[in-house]
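Each chain is listed here by its residues.
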Amino acid sequence: MKFTKKDFLWGGATAANQIEGAWNVDGKTPVSTDIQPFTEMKDRTKVSAFNAVTREDVKKALSDTEHYYPKRYGNDHYNRYKEDIKLLAEAGMNIYRMSISWARIFPNGDDAKPNQKGIDFYRNIFNECHKHNMKIMVTMVHFDFPIAIGDKFGDWTNRKFIDLYMRYVETLFTEFGQDVDYWLPFNEMNVGLLVGHMQSGIYENEYKNPFSAKFQALHHQFVSVAKCVELSKKMKIKGTVGCMIAMITLYPYDCHPDNILAWYKEKQMLQDFFFDVLTTGEYKTYTKDMFKKFGASAPIVEKGDAEFIKNNSIEFITFSYYMSNVVKVTDGAADKTGGNLFGGTKNPFLEANEWGWQIDPVGLRYTLNNMWDKYQLPMLISENGLGFVEKMKDENDVIQDDYRISYLNDHFKAIQGAIDDGVDVFGYTMWGPIDLVSAGTSEFSKRYGLVYVDYDDYGKGTGNRYPKKSYKWFQDFMKTKELK
Ligand code: BGP
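Residues numbered from 1 in each chain as written. Predicted model: local features only at pLDDT ≥ 70, side-chain atom pairs only at ≥ 80, totals over all residues. Heavy atoms only, no water.

Tallied over the entire structure, the rule returns 49 aromatic pairs. Taking the centre distance of 5.9 Å and the plane angle of 65° together, the rings of Y322 and Y448 count as edge-to-face. Linking Y322 in the loop between β7 (316-320) and β8 (324-327) with Y448 in the loop between β12 (425-431) and β13 (451-453), this pair joins segments that are 126 residues apart in sequence. Considered together, Y322 and Y448 belong to a single accessibility category, that of buried residues. The structure contains a cluster of three or more aromatic residues connected by ring pairs, namely F3, F8, W10, F412, Y428, W473, F474 and F477. Taking NZ or CZ as reference, R104 lies 5.6 Å from the ring centre of F121, over its face. Cation over ring: R447 sits above Y452, and NZ or CZ is 4.0 Å from the ring centre. (Phe/Tyr/Trp six-rings, centres within 6.5 Å; stacked < 30°, edge-to-face > 60°. Helix = DSSP H or I, 4+ residues; strand = E, 2+ residues; numbered from the N terminus. Buried < 20%, exposed > 50% of the residue type's maximum accessible area, 1.4 Å probe, protein only. Lys NZ or Arg CZ within 6 Å of the ring centre and 35° of its normal.)

This brings us to empty space enclosed by the protein. Counting across every chain of the model gives 9 cavities of 30 Å³ or more. A16, N17, E20, G21, W23, K28, V31, D34, K71, S101, R104 and D144 together form the lining of the second largest cavity. In terms of residue class, the lining of the second largest cavity is made up of 3 nonpolar, 3 polar and 6 charged. (1 Å grid on protein atoms, 1.4 Å probe; cavity = no way out; pocket = protein on both sides within 12 Å on 5 of 7 lines; lining within 4 Å. Points joined across faces, edges and corners; volume = space filled by probe spheres on them. Nonpolar A, V, L, I, M, F, W, Y, C, P; charged D, E, K, R; others polar.)

What follows covers unusual backbone geometry. Of note in the backbone geometry, K236 takes a positive phi value of approximately 50° without being a glycine. On the secondary structure map, K236 appears in the loop between α10 (210-234) and β5 (240-246). Given a relative accessible area of 68%, K236 falls into the exposed group. The residue K481 is not glycine, and still its phi comes out positive at about 60°.

Position of G304 relative to the elements: it lies in the loop between α12 (286-293) and α13 (305-311). Counting along the chain gives 246 residues from G304 to V58, while the straight-line C-alpha distance between them is 37 Å.

Our focus in this paragraph is the site of the ligand. In the neighbourhood of the ligand, 14 residues make up the surrounding shell, with E188, A439, G440, K446 and Y448 lying closest. Between the ligand and W431 there is a distance of 3.4 Å, counted from an oxygen atom to a side-chain nitrogen or oxygen. Here an oxygen atom of the ligand sits 2.7 Å away from a polar atom, N or O, in the main chain of G440. In the complex, the protein chains occlude 97% of the 370 Å² of accessible area that the ligand would expose alone. Per-class residue counts for the shell around the ligand are 6 nonpolar, 5 polar and 3 charged. (Near = heavy atom within 4 Å. Polar contact = N/O pair within 3.5 Å; in protein donor to acceptor, adjacent residues only side chain to side chain. Areas by Shrake-Rupley, 256 points an atom, 1.4 Å probe, with all protein chains shown as cover.)

Okay, the sheet that holds strand β3 (residues 135-139) next. Here 8 strands make up a closed barrel; going around it, the order is β1-β2-β3-β4-β5-β7-β11-β12 and the pairing parallel. Averaged over all pairs of adjacent strands, the angle between strand axes in this sheet comes to 25°, irrespective of strand direction. Sheet topology places strand β1 (residues 9-13) next to strand β2 (residues 95-99); 3 bridges connect them, and they run parallel. Residue pairing across strands places G12 opposite Y96, the latter belonging to β2. (Pairing = 2+ DSSP bridges. Axes fitted to C-alpha atoms, helices over the stretch in contact; angles between N-to-C directions.)

Let us look at helix α14 (residues 361-375). Taking 1.5 Å per residue as the helical rise, α14 with its 15 residues ought to reach 21 Å, and the 21 Å between its terminal C-alpha atoms agrees with that figure. Of all the residues in α14, the buried ones are P361, G363, L364, T367, L368, N369, N370, M371, W372 and Y375. Elements in contact with the buried residues of α14: β6 (249-252), α11 (257-280), β7, β11 (379-383), α15 (402-420) and β12. Two residues or fewer after α14 comes Q376, characterised by a positive phi angle close to 50°. (Expected span 1.5 Å × (residues − 1). Contact = heavy atoms within 4.5 Å.)

The structure is reproduced here in structure tokens:
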């Protein structure tokens, strides 16, 4: 079959904290992900770098000389960005999603002036993209909360963060407003429910109920998203502002009413809540139950917030989609499986990778339909891909990643299916087109790339880039748009 949609955007997605390296170079200060060490793992479904951290943990990690912290070094993109962008362009990609590190622009949060070296670095990247005729999507915060900002101003439960963040946003809009086509204020906002520190700077042990803190932080981020929309219009920048969640596509385990009810409630919490607030400004009735579930208090919403969010609603929707999960609350044995946020019950109809992420292309078509019916906003799938352990034998070896080719093929078919259903999907950026450090486990061995990078979990290797079989497959697909 052929992928028929014209002007569709095809690209790759990365995040500063997983690729750049240069964690303390040219003025950049440490961020929350720089303190996540690599841990040897036997069962990959059970490891998570997303643990709650304390102030003490941060201090220790910053002076630790024993462990290796992969996100400090990424895949050396800071020094290799020209080669990387050329590889993406030569694969046929016409959009690049990347993130800017707040700590590279305002290393101390309240610096009198932005850090010129940081601005220059991103300007160079944008120039490369323009040279190759690639559009640009920028995530302004992708899991990398600046430690120095936290030390001075606390965390996102403090409403003052909206102003701090907007100063950063205004700087980016001023510097890059004519370069960037799409802006995402935050990566996967719903991850904020799972981990407090990584994106919101929350030390969970310092709160009586960490969930109350996380909901409060999220509320301030919702207001910030609306402020980004407002500012983008005021400043007449070229790009539009959307937002993103990690799509946890859920199914009830069976037609037992208890499973249906539990599935529905979990879906409200993990998916609906975020785009419902961002598009209407409202905390719908179900949120009461959601706060209750965590014993959390509802966030303090200032007068006018709801109206403001509604009037400055996001212009497009993006989400990451890797897998689907199953909800089961009834008694009886069922295997568990892993997942990027919360794991779930195993779906007997699906296969999974080594991390227990269940492969489900049809779920993508279902999800696109569901999101379109609910919000009627144009959509881009901002992450998708298959993590796999791969090892090149020698310099001339080409990784034969047929499993990745078939994963991509099937997901592209699902997108075409949704388009045929009438859904407005305008683009797709695959996760980690050049191997990078895993967000969830901090390992390098979980490779998503069309291009292999010669680093191991401890950063040993040349860092050289080698196209895999899937690189050629993608190149051909971009020319023919043929799918199997
Ligand atoms: C998303 C994140 C990315 C990313 C991806 C894959 O949740 O936005 O940063 O890495 O998932 O996850 P992982 O790296 O854990 O395989």
